[in-house]
Amino acid sequence: GDSVTQTEGLVTVTEGLPVKLNCTYQTTYLTIAFFWYVQYLNEAPQVLLKSSTDNKRTEHQGFHATLHKSSSSFHLQKSSAQLSDSALYYCALSFSNYQLIWGSGTKLIIKP
Amino acid sequence: NAGVIQTPRHKVTGKGQEATLWCEPISGHSAVFWYRQTIVQGLEFLTYFRNQAPIDDSGMPKERFSAQMPNQSHSTLKIQSTQPQDSAVYLCASSLDGWGEAEQFFGPGTRLTVL
């Protein structure tokens, strides 16, 4: 079946160091778009990044991700973590109809 | 733009009571989604409306959960005979047209606690 895998449930990074959150997917259907959503404490999830183009880097708020269909991945990265980046991050992919397949989420903690 | 509005923000019910959760989507958005979020299960899809019509309720527990969208400005999620395992944050989201590339905009959620 279709699935999105976020292997790390919790990632802890020291402020100023790079961050990488992994996202891989499995599907036999035509996918339309890939998303990273971020959810800050006591807030609603919101879109952080969106991509639908293979091998194209997408950037927003210092984060970037590149869709690699060859390896079925859409990892999220940032070169220098900030305390305010602490949040829950979801990877999701969508199909043409509407269905969003969500990963299980990765909690990112940035420590001073 | 007020964003997606959900009321109440918190609801406490006793076991066996009914809970009704309200969602007002962003004006002009034709798609409404309901999700349930728990620490253990993460984000779970419940149901989806497009242009007020129910499209997919595959995530809804059939026996006690129901959702409606009587007009384009609000949707309700009703849980009958609430059980402690229904305790969760219920999130409503809307998108412009409901198709795959459309971003979903989430409301702040309703935290349901069943005692």
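Notes on the structure follow. All values reported here derive from a predicted model rather than from experimental measurement.

## Structural notes on the environment of A:Val47
With respect to the helices and strands, the residue A:Val47 is situated in strand β6 (residues 46–51). Between the alpha carbons of A:Val47 and A:Thr28 there is a distance of 25 Å; along the sequence they are 19 residues apart. Among all residues touching A:Val47, those that are not within four sequence positions of it are A:Phe35, A:Trp36, A:Tyr37, B:Glu103 and B:Gln104.

## Some points on the pattern of salt bridges
All names here are of chain B. A complete count under the given rule lists 5 salt bridges over all chains for this structure. For arginine 36, the salt bridge goes to glutamate 44, with nearest N and O atoms at 3.2 Å. Residue classification places glutamate 44 among the partly exposed residues on the basis of a relative accessible area of 23%.

## Description of the sheet that holds strand β8 (residues 74–79) of chain B
All names here are of chain B. Taking strand neighbours across the sheet as the criterion, the 4 strands line up as β1-β3-β8-β7 in an open arrangement whose pairing is antiparallel. Every other strand in the sheet has two partners, leaving β1 (5–7) and β7 (65–71) as the edge strands with one partner each. Ignoring strand direction, the axes of neighbouring strands in this sheet form an average angle of 20 degrees. Inspection of the sheet shows β7 paired to β8 by 5 bridges, in the antiparallel sense. Following the sheet pairing, asparagine 71 is matched in β8 by histidine 74.

## Some thoughts on the sheet that holds strand β9 (residues 76–78) of chain A
Strand pairing within a sheet occurs via backbone hydrogen bonds; the two strands may be parallel or antiparallel. Residues and elements named next belong to chain A. With antiparallel pairing, 4 strands are arranged side by side in an open sheet as β3-β9-β8-β7. Each having just a single partner strand, β3 (19–21) and β7 (57–60) make up the two edges of the open sheet. When the angles between neighbouring strand axes are averaged without regard to direction, this sheet yields 20 degrees. With 3 bridges joining them, β3 and β9 adopt antiparallel strand pairing. Paired with valine 19 across the strands is lysine 78, a residue of β9.

Rules behind the numbers
Residues numbered from 1 in each chain as written. Chains lettered and ligands numbered in written order. Predicted model: local features only at pLDDT ≥ 70, side-chain atom pairs only at ≥ 80, totals over all residues. Heavy atoms only, no water. Helix = DSSP H or I, 4+ residues; strand = E, 2+ residues; numbered from the N terminus. Contact = heavy atoms within 4.5 Å. Salt bridge = Lys/Arg side-chain N within 4 Å of Asp/Glu carboxyl O. Buried < 20%, exposed > 50% of the residue type's maximum accessible area, 1.4 Å probe, protein only. Pairing = 2+ DSSP bridges. Axes fitted to C-alpha atoms, helices over the stretch in contact; angles between N-to-C directions.

Purely geometric numbers; function is a separate question.
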